[in-house]
Amino acid sequence: MKYDIVLCGVGGQGGISVSVVIARAAMAAGLDVKQSEVHGMSQRGGEVLAHLRMSDKPVASPIIPRASADLILAFEPLEALRYVPWLRKGGAIVTATAPLKNMTNYPDPDAVVAELRKIPGAVLVDADALAKEAGNARAANVALVGAAAKYLPLEASALEAAIKDLFARKGDAVVDANLRAFEHGRRANP
Amino acid sequence: MNTETLMGDEAIALGAVHAGLSAAFAYPGTPSTEIMETLQAMAEKGATTADGAKFVAQWCANEKTAYESALGASYAGRRAMVSMKHVGLNVAADPFVNSALIRIHGGLVVVVADDPGMHSSQDEQDSRALAAFARMPCFEPADQQEAYDMTLEAFEFSEKHEVPVLVRITTRLAHSRAVVKVAAKGRAQNPVDKAPQDMSWILMPAVARKRWKALLGKQADFRAYAEERSTLAAASKKLGVVTAGLALQYYRENLEDFVAAEGEAPSHLHIGHYPIPAGKLRELCANVEKVLVIEDGYPVVEEALRGVLPTPIPVLGKMSGELPLDGELNPDLVRAALGLPEREGVPAPGLPPPGRPPQLCVGCPHADSFAALKEALLEYPTHAVNSDIGCYTLGALAPYNAIESCVDMGASIGMARGAAEAGLRPTVAIIGDSTFYHSGMSNLVDAVSHGTNTTVYILDNQTTGMTGAQPTIAPSSRLKDLVIGLGVDPAHVRVLDAHKRSHEASVKAIKEELAHPGPSVVIGVRVCIEAYKKERAK
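Being a predicted model, the structure only gives us computed values, none of them experimental.

Engineer: Just to check I follow, could you spell out the overall build of chain A for this structure?
Structural biologist: A tally of helices and strands in chain A yields seven helices and six strands. The order of helices and strands in chain A, counted from the N terminus, is β-α-β-β-β-α-β-α-β-α-α-α-α. The C-alpha atoms of chain A give 15 Å as radius of gyration, which agrees with the globular expectation for 190 residues (16 Å, within 12%). Its C-alpha atoms give chain A principal-axis dimensions of about 40 × 40 × 35 Å. Sorting the 190 residues of chain A into buried and exposed places 61% on the buried side. Taking the contacts inside chain A whose residues are at least 6 apart along the sequence as the reference set, 64% of them involve residues at least 24 apart. Accessible surface for chain A amounts to roughly 7300 Å². Of this, 51% is attributable to carbon and sulfur atoms. Side-chain charges in chain A split into 22 positive and 20 negative, and the spacing between the mean points of these groups amounts to 3 Å.

As structure tokens, then:
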């Protein structure tokens, strides 16, 4: 068993940090894990990308080969589109729908969404709305993980444990809001 | 043994502590920054070496000062590490090359993080080539486990052979995480024990000639060690594969498919230690019909293998076009080089997504500084704005279009000065506070000494911003006095509020200094938005 995830978004969205939730849950399940991300200048409002690989055998490359990702988890729709070449046939895309237009040549957002809808296995989620419903607008990323939970080779309880672990130092209110966001996400893509 | 999930940078930091590190020095630079950040975070939490002793972990003004501090710690008999990004090694090149000649006392490990693909750099130079230039041994880990293990090994090797060891990593290893087995208990620190007074640290010509001979004499031992530590697995006679460092993982990623297609695995030599193990390379090549070299960065091994005379078997790699000469290696490029077909994915979207370039944060003080400068320069159709390394390099892009050059740390002031001396006026040097402390001050001294008609605009955001807001080596409050101390006329040292609310005053002050026929310094002060957020989150 191997499972490869491309996580993508825009610098400053803080999206990539949720890859830790999935990585910790995978390690708790006894899988080998490699995770790769980009730092530095490219973090400043540009594209940000993390690769997360898990397997019951040792993982070799920290980078996912093209056409092999089982899941693209995107925090912004144009970024989802950018990494489609990494998706394997039959793989899933779970993407937030809110465009982040910090560039002058951002294409028509409807056209971006239309392109994504053409891809079998693409699930478009209003992660911001889910997070607000859960009571914490900043939990959109965790809501998105919830929406992707059914594809992951991990138990929901393991993901919840990792969420608790990650947010524990921020207090119970933040932990609870994130657990609710995760649950709202799961319900959005049952 | 414990297991931890570590980035390559973290694995090196932990390896150093477990090796009995006494002192580490660095200047921030992507992708090496997290080595020092990890050491400092450990020290802050009270981490010690096995003997319960604390270790020193300090940011320095630049890579050269960091390197020299590490040399001093080695002279004192203690284990020292200096870490930097690849271009930082250029700054530290003087102590780096000479340190190979002295009789290293406490183990000295030089960690250099290369950035093939230039994720966050001005070039993609390969530090293995600089290690060879300095006749210094180089270790190149293939994963996070080796990053940890080789750091310990490098300290041992350094003390045994009385030579610094360069540990070369790349961005992808530095910034990816994997599970690492680490020692439960490390080694104690060396006691303070000054280097023997045998002239071996005094590189005056008569001594240096002897030390150079000594270094050349050690090469056979270095090479023998690299031969012993590289691994050769004979298999197919049709193809031999050489991998170096992290490239091993891209090869492994494709091996199963290769075996399925070809029926057998290639013969394989993996190199993690330099100087290049020429004997093992000859042994591999004697038994295969052709050889493919897979390495990230320059074709260092491939070039050595080719030499200048015809090779008895075809050598494939970056120089023959099987792999690209530039950019970062990845599993797909290696797949193609192995002759495997592309994986078939989903059809490409009909809408090619335009790139999303990095940009200054919302509310960044640099944006306001650029606005003031551009307005002040309006009355000069001909002018030069030379800039430097930092977030403000993004001032080259729209909507700012405010800077015209970015070459190396500190070059802004030197270039603006040289252009002015050559008759192009007015010239402005835009430089951040951290870059000014790193390499700007000596250029400003030149400008003062020659009375150059140029204006230095220091963007003082009170941090090293681009690498994630590390503290600068001097506080903002001392910058003005420092500039005056370097000899700039106090009447032409202006401190501005780098904020929209002070736009008119800033434009006026910059105009006045542009009109001043000698050296002038304008300091735009406002804390970096990221540093502010980071401080508040504490």
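Having put the structure on the table, let's press on.
Engineer: In this structure, what is going on with the interface of chain A and chain B? I would like to understand it.
Structural biologist: Accessible area lost when the parts come together is the quantity often used to give the size of an interface. Taken together, the contact between chain A and chain B spans 45 residues of the former and 48 residues of the latter. Across the interface of chain A and chain B, roughly 3900 Å² is buried in total on both sides, 60% from carbon and sulfur atoms. There are five salt bridges connecting chain A and chain B. Counting the contacts that link chain A with chain B gives 16 residue pairs in polar contact (both at pLDDT 80 or more). Where the side of chain A that touches chain B is concerned, the elements lending two or more residues are β2 (32-37), β3 (47-55), α2 (77-82), β5 (87-96) and α3 (109-117) of chain A. Ranked by residue count, the leading element in the side of chain A that touches chain B is β2 of chain A, at six residues.

Engineer: Honestly, the packing of aromatic side chains in this entry has me stumped. Any pointers?
Structural biologist: Centre distance and the angle of the planes are the two values used to describe a pair of aromatic rings. Within this structure, the stated rule accounts for nine aromatic pairs over all chains. Relative to Y400 of chain B, the ring of F370 of chain B has its centre 5.8 Å away and its plane inclined at 45°; by these criteria the two rings are tilted. Remark: Y400 of chain B occurs in the loop between β15 (384-386) and α15 (411-421) and F370 of chain B occurs in helix α14 (residues 365-376); sequence separation between them is 30 residues. Just as F370 of chain B is buried, Y400 of chain B falls in that class too. Cation over ring: R66 of chain A sits above W86 of chain A, and NZ or CZ is 4.7 Å from the ring centre.

Engineer: When you look at the confidence of the model for chain A in this model, what are you seeing that I'm missing?
Structural biologist: Detailed reading of the predicted model is not advised wherever pLDDT is low. A residue-level look at chain A finds 96% of positions with pLDDT of 70 or above and a mean pLDDT of 92. Taken element by element, the predicted model of chain A shows its lowest mean pLDDT in helix α1 (residues 19-28) of chain A (90) and its highest in strand β4 (residues 69-74) of chain A (97).

Engineer: Help me understand the pattern of salt bridges, please; the structure alone is not making it clear to me.
Structural biologist: Pairing is possible between side chains of opposite charge, provided their charged atoms come close. Residues and elements named next belong to chain B. With the rule as written, the count across this model stands at 41 salt bridges over all chains. Put simply, E162 and R103 hold a salt bridge, and the shortest N to O gap is 3.3 Å. Of this pair, E162 sits in the loop between α7 (144-161) and β7 (165-170) while R103 sits in the loop between α5 (93-99) and β5 (108-114), placing them 59 residues apart in sequence. Judged by relative accessible area, which is 29%, E162 ranks as partly exposed.

Engineer: Where do I start with helix α2 (residues 33-44) of chain B in this structure?
Structural biologist: Two residues of an α-helix separated by three or four positions point the same way, owing to the 3.6 residues in each turn. Residue and element names in this part refer to chain B. The end-to-end C-alpha distance of α2, which contains 12 residues, comes to 17 Å, matching closely the 16 Å that a straight helix rising 1.5 Å per residue would cover. Where the residues of α2 are buried, they touch β1 (2-7), α1 (8-18), β2 (21-26), β3 (56-59), β4 (79-85) and β5. Immediately downstream of α2, the backbone of G46 shows phi near 90°, a positive value.

Engineer: Looking at this structure, I do not really get the pairing of strand β17 (residues 455-460) of chain B. What am I missing?
Structural biologist: If a strand is regular, its side chains alternate between the two faces of the sheet. Residue and element names in this part refer to chain B. Most of β17 is tucked away, with six of its six residues classed as buried. Taking every second residue as pointing to the same face, both faces of β17 are buried, with T455, Y457 and L459 on one and V456, I458 and D460 on the other. Looking at chain direction, strand β16 (residues 427-432) and β17 are connected through five bridges and run parallel. Bridge assignment links I431 to a residue of β17, and that residue is I458.

Engineer: Explanation requested: the sheet that holds β15 of chain B in the structure shown.
Structural biologist: What holds strands together in a sheet is hydrogen bonding between their backbones, with the strands either parallel or antiparallel. Residue and element names in this part refer to chain B. Taken in spatial order, the five strands make up an open sheet running β15-β16-β17-β19-β18, and their pairing is parallel. In the strand order of this sheet, the two ends are held by β15 and β18 (493-497), each with one partner. Mean inter-strand twist for the sheet, computed between neighbouring axes without regard to direction, equals 20°. By the bridge criterion, six bridges tie β17 to strand β19 (residues 520-525) in an arrangement that is parallel. In the sheet register, D460 faces β19, and the bridge partner there is V525. Packing against the sheet, helix α16 (residues 433-450) makes contact with β16, β17 and β19, and its axis sits at approximately 140° to β16. Sheet contacts for helix α18 (residues 503-515): β16, β17, β18 and β19; angle to β18, the most-contacted strand, approximately 160°.

Engineer: Any chance you could explain the sheet that holds strand β10 (residues 236-244) of chain B here in plain terms?
Structural biologist: All names here are of chain B. One open sheet accounts for five strands, arranged β9-β11-β10-β13-β14; its pairing is mixed. At either end of the open sheet lies a strand with only one pairing partner, and these are β9 (231-233) and β14 (315-316). Bridge analysis of β10 against strand β11 (residues 266-271) gives six bridges, and the strand direction is parallel. By the bridge assignment, V242 is partnered in β11 with L269. Sheet strands in contact with helix α11 (residues 278-285) are β9, β10, β11 and β13 (290-294), and its direction is about 175° off that of β11.

Engineer: Just to check I follow, could you spell out the nonpolar core for this structure?
Structural biologist: Across soluble globular proteins, nonpolar side chains show a tendency to be buried alongside one another. In this structure, L39, Y67, M81, V242, I294 and L338 of chain B are the most contacted members of the largest nonpolar core, which totals 101 residues. Counting contributing residues, this core receives three or more from each of domain 1 (2-226) and domain 2 (230-337) of chain B. In contact with M81 of chain B, not counting residues within four places along its chain, are I12, A16, L21, A23, A24, F25, I35, L39, A70, V109, V111 and F155 of chain B. In this structure, A23, M54, A92 and V142 of chain A belong to the second largest nonpolar core, which totals 48 residues.

What counts, and at which threshold
Residues numbered from 1 in each chain as written. Chains lettered and ligands numbered in written order. Predicted model: local features only at pLDDT ≥ 70, side-chain atom pairs only at ≥ 80, totals over all residues. Heavy atoms only, no water. Helix = DSSP H or I, 4+ residues; strand = E, 2+ residues; numbered from the N terminus. Rg over C-alpha atoms; globule rule 2.2 N^0.38 Å. Buried < 20%, exposed > 50% of the residue type's maximum accessible area, 1.4 Å probe, protein only. Contact = heavy atoms within 4.5 Å. Areas by Shrake-Rupley, 256 points an atom, 1.4 Å probe, with all protein chains shown as cover. Lys, Arg positive; Asp, Glu negative; His and termini not counted. Charge placed at Lys NZ, Arg CZ, Asp CG, Glu CD. Buried area = accessible area lost by both parts, 1.4 Å probe. Salt bridge = Lys/Arg side-chain N within 4 Å of Asp/Glu carboxyl O. Polar contact = N/O pair within 3.5 Å; in protein donor to acceptor, adjacent residues only side chain to side chain. Phe/Tyr/Trp six-rings, centres within 6.5 Å; stacked < 30°, edge-to-face > 60°. Lys NZ or Arg CZ within 6 Å of the ring centre and 35° of its normal. pLDDT = per-residue confidence, 0-100. Expected span 1.5 Å × (residues − 1). Pairing = 2+ DSSP bridges. Axes fitted to C-alpha atoms, helices over the stretch in contact; angles between N-to-C directions. Core = buried A, V, L, I, M, F, W, Y, C linked by side-chain atoms within 4.5 Å. Domains from an automatic or database assignment.

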